[in-house]
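Per-entry structural report
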Amino acid sequence: MTTIDLNSDLGEGYGVWTAGDDGAVLDLVTSANIACGAHAGDPTIMLATARAAVARGVAIGAHVAYRDLAGFGRRPVHVTPDELHADVVHQLGAMAAAATVAGGRVTYVKPHGALYNTACADPVQAEAVVRAVADVDASLAVLALPGSELLAAAEHRGLRPVAEAFADRAYEPDGSLVSRSRPGAVLHDPDEVAARVLRMVTDGSAVAVDGSEVRVAAESVCVHGDSPGAVAMARAIRELLSAEGVELTPFAPGATTP
């Protein structure tokens, strides 16, 4: 049977501010990328989201980012490799503690926003992130775009590299993501997104913005939890994949106690 992981960025509120319907999304996905307080999230939200994930048997990932609450982590931030290493270590430590208290554990790491894009393209930033992951827990997997510098650095360090595809983001012909500043970069129609994911999972391909075919080899597919239609898209994906005989299962299941 074909299997795939469905991940989503969650816990992205801060204080009294909320983002998305985390509970509903957690009912549908198999892995949760939980914000670690840099781009979003705070101690209360991190612990609550970890507990909600454990209660559903959803794998927990640390969603590390540049320290940029005002920009939601989507702006490039100039930091030295050692500064980035220390910041990722700090975020991983906080998320690992929250997961432990919730009865689970962090099993993988996925950078967010600008850090994701930069580390996927820049070997220096990629190495800083991966060095932090290896220093904290070498059993953690690293989730990122296939063929990226980030996955190459993870493999070089002996960590498990896991390639992901994006359900709700448009692709460039080279397999990179279309910038959010451009029209059409984010997809919203649940049926269109579900059909797209099915093609990614069963055929290993997607249609790029110029109409060309781009190869997409992935162990996990991401639906952004802060998108207005996140719940509807995740539900449509799960229903279509299940109907086509594709099993949804975490790529890195944790020691959870649902």
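The rules behind each value
- Residues numbered from 1 in each chain as written.
- Predicted model: local features only at pLDDT ≥ 70, side-chain atom pairs only at ≥ 80, totals over all residues.
- Heavy atoms only, no water.
- Helix = DSSP H or I, 4+ residues; strand = E, 2+ residues; numbered from the N terminus.
- Rg over C-alpha atoms; globule rule 2.2 N^0.38 Å.
- Areas by Shrake-Rupley, 256 points an atom, 1.4 Å probe, with all protein chains shown as cover.
- Lys, Arg positive; Asp, Glu negative; His and termini not counted.
- Charge placed at Lys NZ, Arg CZ, Asp CG, Glu CD.
- Axes fitted to C-alpha atoms, helices over the stretch in contact; angles between N-to-C directions.
- Parallel < 35°, antiparallel > 145°, perpendicular 65-115°, else oblique.
- Left-handed = near helix turned anticlockwise from the far one by under 90°.
- Contact = heavy atoms within 4.5 Å.
- Expected span 1.5 Å × (residues − 1).
- Buried < 20%, exposed > 50% of the residue type's maximum accessible area, 1.4 Å probe, protein only.
- Polar contact = N/O pair within 3.5 Å; in protein donor to acceptor, adjacent residues only side chain to side chain.
- Phe/Tyr/Trp six-rings, centres within 6.5 Å; stacked < 30°, edge-to-face > 60°.
- Core = buried A, V, L, I, M, F, W, Y, C linked by side-chain atoms within 4.5 Å.

1. Observations regarding the overall build of the protein chain
Across its full length, the protein chain holds eight helices and ten strands. At 17 Å, the protein chain has a C-alpha radius of gyration in line with the 18 Å of a compact globule built from 258 residues. For the protein chain, the accessible surface area stands at approximately 10,500 Å², while carbon and sulfur atoms represent 54% of it. Averaging the locations of the 18 positively and 32 negatively charged side chains of the protein chain gives two centres separated by 2 Å.

2. Notes on the packing of helix 5 (residues 123-136) against helix 6 (residues 149-156)
Taken N-terminus to C-terminus, the directions of helix 5 and helix 6 make an angle of 45°; their axes are 8 Å apart at the nearest point. Of the possible angle classes, the one that applies to helix 5 and helix 6 is oblique. Helix 6 is crossed by helix 5, and the crossing has right-handed handedness. Contacts from Pro123, Ala126, Glu127, Val129 and Val130 in helix 5 reach Glu149, Leu150, Ala153 and Ala154 in helix 6.

3. Let's talk about helix 7 (residues 190-203)
Here helix 7 contains 14 residues, and its C-alpha end-to-end distance of 19 Å stays within 8% of the 20 Å for a straight helix at 1.5 Å per residue. Those residues of helix 7 that sit buried are Val193, Ala194, Arg196, Val197, Leu198, Met200 and Val201. Next to the buried residues of helix 7 lie strand 1 (3-10), strand 6 (160-166), strand 7 (205-207), strand 9 (220-223) and helix 8 (230-243). With a side-chain oxygen positioned 3.2 Å from the backbone nitrogen of Asp191, the residue opening helix 7 is Asp189. One or two steps after helix 7, the chain reaches Gly204, where phi turns positive at roughly 70°.

4. Quick notes on the environment of Gln125
Within the element layout of this structure, Gln125 appears in helix 5. According to the relative accessible area criterion, Gln125 is buried, its value standing at 7%. A sequence separation of 72 residues divides Gln125 from Ala53, and the C-alpha atoms of the two residues are 29 Å apart. Apart from the residues lying within four places of it in its own chain, the contact partners of Gln125 are Tyr66, Val79, Leu84, Leu115, Thr118 and Ala119.

5. A word on the packing of aromatic side chains
Using the criterion set out here, one finds two aromatic pairs in the structure. The interplanar angle of 90° and the centroid separation of 5.8 Å between the aromatic rings of Tyr116 and Phe166 together place this pair among those described as edge-to-face. Here Tyr116 is found in helix 4 (residues 113-121), whereas its partner Phe166 is found in strand 6, with 50 residues between them in sequence. Tyr116 gets classed as buried once you look at its relative accessible area, which sits at 3%. The exposure class of Phe166 is buried, given its relative accessible area of 3%.

6. Re the nonpolar core
Buried together is how nonpolar side chains tend to be arranged in soluble globular proteins. If you look at the biggest cluster of nonpolar residues, it comprises 78 residues, and the most contacted ones within it are Ile60, Met95, Leu150 and Ile237. Leave out the neighbours within four places in its chain, and Ile237 touches Leu6, Ala167, Val193, Ala194, Val197 and Val223. By size, the runner-up hydrophobic cluster in this structure holds six residues, among which are Tyr108, Ala141, Phe251 and Ala252.

7. Some remarks on unusual backbone geometry
The phi angle at Phe72 is positive, at roughly 55°, despite the residue not being glycine. Mapped onto the elements, Phe72 comes out in the loop between strand 3 (59-63) and helix 3 (81-102).

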